[in-house]
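So the chains spell out like this:
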Amino acid sequence: LPLCFPEKLWKMLESGQFQSIWWSEGGKCVAINKELFKVEVLGRGVCQRVFNTRHITSVIRQLNLYGFTKMQRDFQRSASLPEFLAEEAAASAHSQILYYYNPSFNRARPWLLGTCKRR
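Position labels on residues start from 1 in each chain and follow its written sequence. Selection of residues for local features in this predicted model requires a pLDDT of at least 70, selection of side-chain atom pairs for listing and counting requires 80 or more, and totals for whole chains, interfaces and linings are taken over all residues. Based on all heavy atoms of the structure, the side-chain values leave hydrogens and waters out of the count.

1. Points about the sheet that holds strand E2 (residues 29–33)
Strands in a sheet are paired, the pairing made by backbone hydrogen bonds, and the direction either parallel or antiparallel. We apply this condition: For two strands to be treated as a pair, DSSP must find no fewer than two bridges joining them. A run of H or I in DSSP becomes a helix once it reaches four residues, and a run of E becomes a strand once it reaches two; helices and strands are each numbered from the N terminus. Axis lines are fitted to C-alpha atoms, over the contacting stretch for helices. Their N-to-C directions set the angle, which ranges from 0 to 180 degrees.
With antiparallel pairing, four strands are arranged side by side in an open sheet as E1-E2-E4-E3. Looking along the sheet, the strands with just one partner apiece sit at the ends: strand E1 (21–24) and strand E3 (69–71). Neighbour to neighbour, the strand axes of the sheet diverge by 35° on average, direction disregarded. As defined by bridge partners, E3 adjoins strand E4 (residues 97–101) across three bridges and the pair is classed as antiparallel. Looking across to E4, one finds that Met 71 is bridged to Tyr 99.

2. Things to note about the confidence of the model for the chain
Note the cut-off: Confidence per residue, as judged by the predictor, is encoded in pLDDT with a range of 0 to 100.
Averaged over the chain, the pLDDT score is 85; the fraction of residues at 70 or greater is 78%. Summarising per-element confidence for the chain, the mean pLDDT is lowest in helix H4 (residues 81–94) (61) and highest in helix H3 (residues 56–65) (96).

3. Digging into the pattern of salt bridges
When their charged atoms lie close together, side chains carrying opposite charge are able to pair. Here is the rule: We define a salt bridge as a contact between a side-chain nitrogen of Lys or Arg and a carboxyl oxygen of Asp or Glu at a distance within 4 Å.
Under the defined criterion, the tally for this structure stands at two salt bridges. Residue Arg 107 is joined to Glu 14 by a salt bridge in which the shortest nitrogen-to-oxygen separation is 2.9 Å. Of the two residues, Arg 107 sits in the segment after E4 while Glu 14 sits in helix H1 (residues 5–15), which places them 93 residues apart along the sequence. With a closest N to O distance of 3.3 Å, Lys 38 and Glu 35 form a salt bridge. A residue pair is termed a helical-turn pair when its members lie 3 or 4 positions apart in one helix, as Lys 38 and Glu 35 do in helix H2 (residues 34–40) at three residues.

4. Structural notes on H3
Rule in force here: When accessible area is computed with a 1.4 Å probe and restricted to protein chains, residues below 20% of their type maximum are described as buried, those above 50% as exposed, and intermediate ones as partly exposed. Think of the arc as the fan of directions from the helix axis to the C-beta atoms. Only heavy atoms matter for contacts: two residues are in contact if any of them lie within 4.5 Å across the pair.
Listing the buried residues of H3 in full gives Ile 56, Ser 58, Val 59 and Leu 63. Viewed end-on, H3 has its buried residues packed into an arc of 160°, placing them on one side of the element. As for H3, its buried residues are in contact with H1, E2, H2 and E4.

The structure is reproduced here in structure tokens:
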């Protein structure tokens, strides 16, 4: 039987083969570097494709259908202009990273993977 979306996602995260997707927040969140993911995962040939799509919006839609919620990253801002500008540059690069959370998708609790059901 083909793997469902959460199972494919789990295998990707655990494989260590991809630089564009990783466990974050101690294994509680999925982090995706959007631009790198488009090239590394979605840009693969038909025979090597992980998901049946070439579009990041389709992957995000699947995340939402399986109960993942997008997490926002909070940044503390400095009062000094040079530090503020450096933080803005880092935040801009950081905006390419998407964070998704699902209470049933946790690296420390693999047995919960079976409870990740499509809505």
